[in-house]
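# Architecture at a glance
So the chains spell out like this:
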Amino acid sequence: MSDGRPHLLMTTDAVGGVWQYSTDLARELARQGWRTTLAVLGPAPGRSQREGAASIPGLTLLDTAMPLDWMAHDSGAIARAGRAIAALARNLHADVIHLNSPALAAEVTFDVPVVAVTHSCTATWWAATQAGPLPDELAWRPAIAAAGLAAADRVIAPSASFAAATQRAYRLPQRPIVVHNGRAPLTRPSAAMHDFCFTAGRLWDKAKNITTLDRAAGRLTVPFRAAGSLHGPNGEAAPPFEHLHSLGSVSEAEIARWLASRPVFLSATHYEPFGLAVLEAAAAGCPLILSDIPTFRELWDGAATFVAANDATGFAAAADAIVGDTGLRMALGEAAQQRAARYTPAAMAAGMATIYAGLGISPRSSAPATARAGRAAA
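This is a predicted model, so every value here is computed, not measured.

## Some details on the overall build of the chain
- Along the backbone of the chain there are 14 helices and 13 strands.
- Over its C-alpha atoms the chain spans a radius of gyration of 21 Å, differing by no more than 12% from the 21 Å that the globule rule assigns to 378 residues.
- Over its C-alpha atoms, taken along the principal directions, the chain stretches across nearly 65 × 45 × 35 Å.
- For the chain, with 378 residues in total, the buried portion stands at 53%.
- Of the contacts made within the chain by residues no fewer than 6 positions apart, 70% connect residues no fewer than 24 positions apart.

Structure (structure tokens):
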């Protein structure tokens, strides 16, 4: 801690929600007296992502050229990435390592405390979306994830539902600690509401169940727009849409413009550890219609309408009912916005700072040796 601030080395990727999580967390931690190095795995950040990172005080962005765990072809690639992160931590004199991919800790000895945040994993994804055992090409992944979870000093999950699923999948002796994700509102609602439905996310991901929303769009009396990439970095692609109007990959500013009109927001996903897109819509005052899965019930019960994940007719009927009733639409939008106020970057950072402090690292801690003592006692 050469400048008196604790130094956090955090892994991230530029593909999905982990990037937003990482940069929001780093920004809030900077206000608490931390400096952060973001080590990017997988594809390099785009220009707008780099510009956003550059605006965060005390943040250093590094491209590692290492593969993401879920894009790696074997456990050896993940182990090499983990060793590279350990070496980077030593070179940077980091005080704590925050892994947004627990598998990176599987075959590595780190010199400082390790906090692993599980945002998603193959085992829980498969259990929620598929039937039968994992295929041979994926069967090795749970083993290395389990080893990484066991090696970490603390394991964090973004919701209690996902923490429970993770504990079941890996037979963990202790349930991961819950620190909810947080997101600042992207926009303020406009004076006028516009009659359309909206969804956003990784449209190529089969777990997002975009085909059900496409069928629902064919039954709606209003347009249904979908924002997000149609092609994943792993080669997956969304099926052709018959009724949804795809906006493709759009900027955060454009998402904000769509949400400002307070459309009815729908998600039919089968699997969601948290759901940042839902939070963004709720914070904008959009009424929510969500698949009836444990995570959404946990986070949004009493502030959303729930429909069985594959019920296209149910999604369409719920959306038309809300669009056709201004009072109901406004009440549901207000309820969603009030609930979203629980899930802020400040609350998220406070939760994570408490975790780091429990390992002996905080803006008030005196030396890295304190962290090592805390780790030995954990």
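Don't stop here, the text continues.
## Some words on the environment of Ala 89
- Relative to the helices and strands, Ala 89 resides in helix H3 (residues 75-92).
- By relative accessible area, which is 6% here, Ala 89 ends up buried.
- Sequence spacing of Ala 89 and Leu 8 is 81 residues, and the spatial spacing of their C-alpha atoms is 9.0 Å.
- Non-local contacts of Ala 89, meaning those with residues more than four positions away in its chain, are made with Leu 9, Ala 94 and Ile 97.

## Remarks on the packing of aromatic side chains
- By the definition in use, this model includes eight aromatic pairs.
- A ring pair is formed by Phe 162 and Tyr 271, whose centres lie 6.3 Å apart and whose planes are at 75°; its orientation type is edge-to-face. A residue pair is termed long-range when its members are at least 10 positions apart, and Phe 162 in helix H6 (residues 160-170) and Tyr 271 in the loop between strand E11 (264-267) and helix H9 (276-283) qualify at 109 residues. No difference in accessibility class separates Phe 162 from Tyr 271, as the two residues are buried.
- Here the aromatic rings of Phe 198 and Trp 258 are separated by 6.4 Å at their centres, their planes lie at 25°, and the arrangement is stacked. Highlighted residues: Phe 198 in strand E8 (residues 197-200) and Trp 258 in helix H8 (residues 252-260), separated in sequence by 60 residues.
- In this structure Trp 258 comes out as partly exposed when scored by relative accessible area, which is 21%.

## Some words on the pairing of strand E1 (residues 7-13)
- Of all seven residues making up E1, seven are buried, and the element is well covered by its neighbours.
- Neither face of E1 is left uncovered, since the one carrying His 7, Leu 9, Thr 11 and Asp 13 and the one carrying Leu 8, Met 10 and Thr 12 both have all their residues buried.
- The pairing of E1 with strand E2 (residues 35-41) spans seven bridges and is classified as parallel. Within the sheet, the bridge partner assigned to Leu 8 lies in E2 and is Thr 36.

## Observations concerning the sheet that holds E11
- Strand order in the open sheet formed by six strands is E10-E9-E8-E11-E12-E13, with parallel pairing between adjacent strands. Because the sheet does not close on itself, it has two edges, and the strands there are strand E10 (245-248) and strand E13 (305-307). Strand-to-strand twist in this sheet, taken as the mean axis angle between neighbours without regard to direction, amounts to 25°.
- Here strand E9 (residues 224-227) runs beside E10; their pairing, made up of three bridges, is parallel. Each residue of the ladder has a partner; that of Ala 226, found in E10, is Ser 246.

Rules of the game
- For every chain, the first residue of the written sequence is number 1, and numbering continues from 1 along that sequence.
- It should be noted that, the model being predicted, local features are given only for residues of pLDDT at least 70 and side-chain atom pairs only at 80 or more, the latter also being counted only at that level, while totals for whole chains, interfaces and linings use all residues.
- Note that water and hydrogens are dropped before the side-chain values are worked out from all heavy atoms of the structure.
- In this text, helices come from DSSP runs of H or I with a minimum length of four residues, and strands from runs of E with a minimum of two, each type numbered from the N-terminal end.
- For the radius of gyration, the atoms used are the C-alpha atoms, and the globule rule reads 2.2 Å times the number of residues raised to 0.38.
- Only protein chains enter the accessibility calculation, which uses a 1.4 Å probe; a residue is then buried when its area is under 20% of its type maximum, exposed when over 50%, and partly exposed in between.
- We call two residues in contact when some of their heavy atoms are within 4.5 Å.
- Aromatic pairing here means that ring centres of Phe, Tyr or Trp (its six-membered ring) are within 6.5 Å. Orientation follows from the plane angle: under 30 degrees is stacked, over 60 is edge-to-face, and everything else is tilted.
- A pair of strands is labelled paired if DSSP reports no fewer than 2 bridges between them.
- The convention used is that axes are lines fitted to C-alpha atoms, helices contributing only their stretch in contact, and that angles between N-to-C directions extend from 0 to 180 degrees.

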